[in-house]
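# Observations on the three-dimensional arrangement
So the chains spell out like this:
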Amino acid sequence: MAEETVSKNFIEQEIDKDLAEGVYTEVCTRFPPEPNGYLHIGHAKSILLNSGLAKEYGGTFHLRFDDTNPMKEDMEFVESIKEDVQWLGADYKDHLYFASNYFDTMYECAVKLIKKGKAYVCDLSADEIREYRGTLTEPGKNSPYRDRSVEENLDLFERMKNGEFEDGTKVLRAKIDMASPNINMRDPVIYRVAHMTHHNTGDKWCIYPMYDFAHPIEDAVEHITHSICTLEFEDHRPLYDWVVKECEFDPAPRQIEFSKLYLTNVVTGKRYIKKLVQDGIVDGWDDPRLVSIAALRRRGFTPESLKMFIELCGVSKSQSSVDYAMLEYCIREDLKLKRPRMMAVLDPIKLVIDNYPEGEVEYLEADNNLENPELGKRQIPFCKELYIERDDFMIEPPKKYFRLFPGNEVRLMNAYFVTCTSYETDEDGNVTVVHATYDPETKCGTGFTGRKVKGTIHWVAAPYAKQAEIRLYENLVDEEKGVYNKEDGSLNLNPHSLEIRKNCYVEDSFAEAKGCDSFQFVRNGYFCIDRLYFRIIFRQCGIENTYEMMGSRDVLKHPGDFYIQDKYNAIKNGSAIKQPRFDLYVFYGYRIITL
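Below is a summary of the structure that appears in this document.

To continue, consider the sheet that holds strand β6 (residues 189-193). Across the sheet, which stays open at both edges, the four strands sit in the order β4-β5-β6-β7 with antiparallel pairing between neighbours. If you trace the sheet from one side to the other, it starts and ends with β4 (119-122) and β7 (207-209), each paired once. Within this sheet the neighbouring strands show an average axis-to-axis angle of 20°, counted without direction. With respect to the sheet, helix α6 (residues 150-161) is in contact with β4, β5 (171-174), β6 and β7, its orientation differing from that of β4 by roughly 60°.

Structure (C-alpha cells):
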C-alpha cells in the first residue's frame, strides 16, 4: 500500500530542518498575549497554530502573559484569555507564565548591556528621540548622551530603578547603529520610567522594559525554540536576534513570521471595540455581533468549527482576507449532524384548523435529525390552533409561491395536509388569523400517496408553545461602505444591526434545554442557549450553505474570493433569554431568510 503524502506548511518545514540539523532537540512554542483586551478570531489562529505545532512534534506549549505595560493591563483580561485558550483545547498544562515574573532577569540583562557598552541612559524627550531617529531614506543622528561612560550609565540606570526621576525624563537605549537601514535598530528604547502600580508586581518597579527588549528575553528564559509571530514583527527580527545574542542566551530561540488572519467586514481592533462597549453600541466584549472568541463562544460556535476554519485558511506569508461566510460554513458543517432540528416561529400568525376536534390534542413523532438517526425522535403536540410564519401565507401570491394562500394545500411538517379556506384581518388590513381544513388521511408517516403538494411549512401548537423574544442581528458594519470611514477613520456602523421581536414561539421541547445547547430551527438557522443567562438562545448562522455552492476545492485555493451566490438570501442575526419569572425565551444569532 502506497504511503500517504503529507503536505506541510513552511513553518513545519523549517522546524523539520532545525531538528534534522540538531539546532534543537525538542520543540517548545508559546502564545504570548498582552492582557489588555479580549482575544478575537485572529488570535485563535495563533493559539491553534502554536499549540498544534507543539502537539505535532511532541513538545510543550506555553501560555505567557506579556504584561510589561501596566497602563493597559487588567486581571479581567487575564481570566478571559485563560478561558478562551482552554476552550479552544490548547493545553498548556502547568506552563502558565507572566512576563512580569522575569523583571529581575530583564534588569540584569540591561545592566549586562551597559557593562558591555551596548546600552546607555538617554535624556532626550520622546519627540526628540523621534526626530533624531531619521527617516526611511535618511540616517539618524547620535544622541548627545550616547557616549556616556559605563560608570555613569550604571549609576543613572540604578537611580531610575530607585525612582529618582520623573516619567519621561530618562530612558535606557540599546547602542546599535543610528545609520542602520532598519529603523528598529537605530538605538531603540529598551527601558522607560513609569511610576505605576503593576497588577502582578505591585509597586516594586518604577521602570518597565519595552516589548522588543522583553519579548526575546522571555522566550529565551522559557527555552522557547520557535517564536511564531505575525508578519508585522518581521522587521523587528534583527533586534530580537541582537537582544538574544548580546544577552548571551544559548540556545537562542528562532523567530518565524506568518500572515495574520483578516476577516472581511468585521471589527477586531481593541480600540474600536472598547469604544463600542463604552458608547453602549454593543453590550460588551462578547456581544454576538463581534468576533472576539468570547462572542463566538457565546453565540454557540464550537472549538471544532473554529479549528476547521483555521485549517481552511491555512498558514502562509502572503496577506489575504477571508469572507465571514466561510466561518459560518464551518459552524454549519460542524453542527448539521450533531444538533436536533426543531421548530420555531419568528413572525407568527395564527392558523386555525376548523375541522379539527375542539379541545383535542395528539402527539406526533418527529425525527430530531433526519441525517443522523442516532439523535432519536421526539413527540410534538398537534391541536386545532397553531402558529405559522407570516411569510408562509399570502392573500395574492406571486408565481411559484407554493405556501399557503386561499384554496392552496400544503403539508404541515411532521403532521397533515391542510387547505386554506379563509383568513381574517385587522382594521389596517393585516392578516391576523388564517383558517384551514385538514385531511386526516394525510398524516405524516402513514404512507399516504394519494396526492402530492409542493409546499411544506413549519408550525408550533399555540397552547403549548413557549413565548420567545427574538433579537435579529445584521452585520455591525455597513457592508456597502466597508469597516472604516476613509475621511476620519471612524467605523461605518449599520444602524439596523439589531431588531427585537417580542412575540415569537418555540416548541415546548426547549423546557429541558440548558446553557450552550445548540439547535437548528428548521427553515431559520442554528441557535444556541446563552451560557450567561438562565435561558438565552443565540442564532448562530443561516441554513443556506452558500460557501459549499461554489465547490469547496475552488474556495480552499482562494478563500478570499468568496461570494454569496443566491441573491434571494439575506444574512441576519438573532437571539434568546428565558426570564425565570415569565417563562420567556429570548433568541439571538445569525440567520438567512429565504424570500
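Below, the discussion takes up a nonpolar patch on the surface. On the surface, a nonpolar cluster with roughly 250 Å² of combined accessible area is contributed by V361, Y363 and Y464. Mapped onto the secondary structure, Y464 falls in the loop between β22 (460-461) and β23 (466-473). Look at Y464 and you get partly exposed, because its relative accessible area is 30%.

Bringing the nonpolar core into the picture now. In terms of nonpolar packing, the biggest core is built from 38 residues, with I41, I47, V85, L263, F309 and L327 touching the most fellow members. Where this core is concerned, the elements lending two or more residues are α2 (41-56), β2 (60-65), α3 (75-87), α10 (293-298), α11 (303-313) and α12 (324-335). Setting aside chain neighbours within four positions, we find V85 in contact with F31, L39, I47, F61, L63, A90 and Y92. Counting residues in each nonpolar core, the second largest holds 35 residues, with C383, M413, Y438 and A461 among its members.

Moving on: empty space enclosed by the protein. Counted by the stated rule, this structure contains one cavity of 30 Å³ or more. Within this model, the largest cavity holds a volume of roughly 70 Å³. Taken together, M343, I380, P381, W459, V460, A461, Y464, A465, V506, E507 and D508 form the lining of the largest cavity. Contributions of two or more residues to the lining of the largest cavity are made by β16 (377-383) and β22. Tallied by class, residues from the lining of the largest cavity come to nine nonpolar, no polar and two charged.

Before going further, it helps to spend a moment on the packing of aromatic side chains. The tally for this structure, following the rule as stated, stands at 21 aromatic pairs. Arranged with centres 5.9 Å apart and planes meeting at 50°, the rings of Y107 and W205 form a pair that is tilted. Separated by 98 residues along the polypeptide, Y107 in helix α4 (residues 103-115) and W205 in the loop between β6 and β7 bring together distant segments of the chain. Neither Y107 nor W205 differs from the other in exposure class; each is buried. Measuring from ring centre to ring centre gives 5.7 Å for Y211 and F233, while their planes differ by 35°; the resulting arrangement is tilted. Residue Y211 is found in helix α7 (residues 211-221), and its partner F233 is found in the loop between β8 (226-230) and α8 (237-246); the two are separated by 22 residues along the sequence.

To continue, consider the environment of L491. Locating L491 in the fold gives a position in the loop between β23 and β24 (498-506). Linking L491 and V477, residues 14 residues apart in sequence, is a C-alpha distance of 7.5 Å. Not counting residues up to four positions away in its chain, the partners in contact with L491 are V267, Y272, L276, V483 and Y484.

In this structure, the second largest pocket spans a volume of roughly 760 Å³. Taken together, 28 residues line the second largest pocket, and the ones lying closest to its centre are L48, L49, S51, G52 and L53. With nine residues, the top contributor of residues to the lining of the second largest pocket is α2.

The next thing to look at is the packing of α7 against α8. Their axes nearest at 9 Å, the elements α7 and α8 cross at an angle of 60°. Taken as axis vectors, α7 and α8 run oblique relative to one another. Crossing of α7 against α8: the hand is right-handed. Between α7 and α8, the residues in contact are D212, F213, H215, P216, I217 and D219 and L239, Y240, V243 and V244, respectively. When its residues are assigned to classes, the contact of α7 with α8 shows seven nonpolar, one polar and two charged.

Before going further, it helps to examine the packing of α4 against α6. The N-to-C vectors of α4 and α6 enclose an angle of 160°; their axes lie 9 Å apart at closest approach. Relative to α6, the element α4 is oriented roughly antiparallel. The two elements α4 and α6 cross, and the hand of that crossing is right-handed. The residues of α6 that touch α4, namely those facing Y107, A110, V111, I114 and K115, are V150, N153, L154, F157, E158 and K161.

Each neighbour pair has its own omega, and for D250 with P251 the value is 0°, a cis peptide bond. Its location among the elements puts P251 in the loop between α8 and β9 (254-258). In this model, K93 sits at a positive phi of 50°, which is unusual for a non-glycine residue. Relative to the helices and strands, K93 resides in the loop between α3 and β3 (96-98). Positive phi outside glycine occurs at H223, with the angle close to 60°. Inspection of the secondary structure assignment puts H223 in the loop between α7 and β8. Taking the relative accessible area as the measure of exposure, H223 reaches 57% and is therefore exposed.

Okay, the pattern of salt bridges next. Pairs may arise between side chains of opposite charge once their charged atoms sit close together. Tallying each qualifying case throughout the model produces 44 salt bridges. In this structure, E371 engages R341 in a salt bridge whose closest nitrogen and oxygen atoms are separated by 2.5 Å. With E371 in the loop between β15 (361-367) and β16 and R341 in strand β12 (residues 341-342), the pair connects residues that are 30 residues apart, well separated along the chain. Residue R451 is joined to D439 by a salt bridge in which the shortest nitrogen-to-oxygen separation is 2.8 Å. With R451 in the loop between β20 (431-439) and β21 (456-457) and D439 in strand β20, this residue pair connects regions lying 12 residues apart in the sequence. A network of salt bridges, in which partner residues are shared, links R30, R64, E218, D219 and E222.

Here is what the cut-offs are and how they apply
Residues numbered from 1 in each chain as written. Predicted model: local features only at pLDDT ≥ 70, side-chain atom pairs only at ≥ 80, totals over all residues. Heavy atoms only, no water. Pairing = 2+ DSSP bridges. Helix = DSSP H or I, 4+ residues; strand = E, 2+ residues; numbered from the N terminus. Axes fitted to C-alpha atoms, helices over the stretch in contact; angles between N-to-C directions. Contact = heavy atoms within 4.5 Å. Patch = residues over 30% accessible without salt bridge, like charges linked within 9 Å, V, L, I, M, F, W, Y side chains within 5 Å. Areas by Shrake-Rupley, 256 points an atom, 1.4 Å probe, with all protein chains shown as cover. Salt bridge = Lys/Arg side-chain N within 4 Å of Asp/Glu carboxyl O. Buried < 20%, exposed > 50% of the residue type's maximum accessible area, 1.4 Å probe, protein only. Core = buried A, V, L, I, M, F, W, Y, C linked by side-chain atoms within 4.5 Å. 1 Å grid on protein atoms, 1.4 Å probe; cavity = no way out; pocket = protein on both sides within 12 Å on 5 of 7 lines; lining within 4 Å. Points joined across faces, edges and corners; volume = space filled by probe spheres on them. Nonpolar A, V, L, I, M, F, W, Y, C, P; charged D, E, K, R; others polar. Phe/Tyr/Trp six-rings, centres within 6.5 Å; stacked < 30°, edge-to-face > 60°. Parallel < 35°, antiparallel > 145°, perpendicular 65-115°, else oblique. Left-handed = near helix turned anticlockwise from the far one by under 90°.

No statement about biological role is implied by the geometric values presented.
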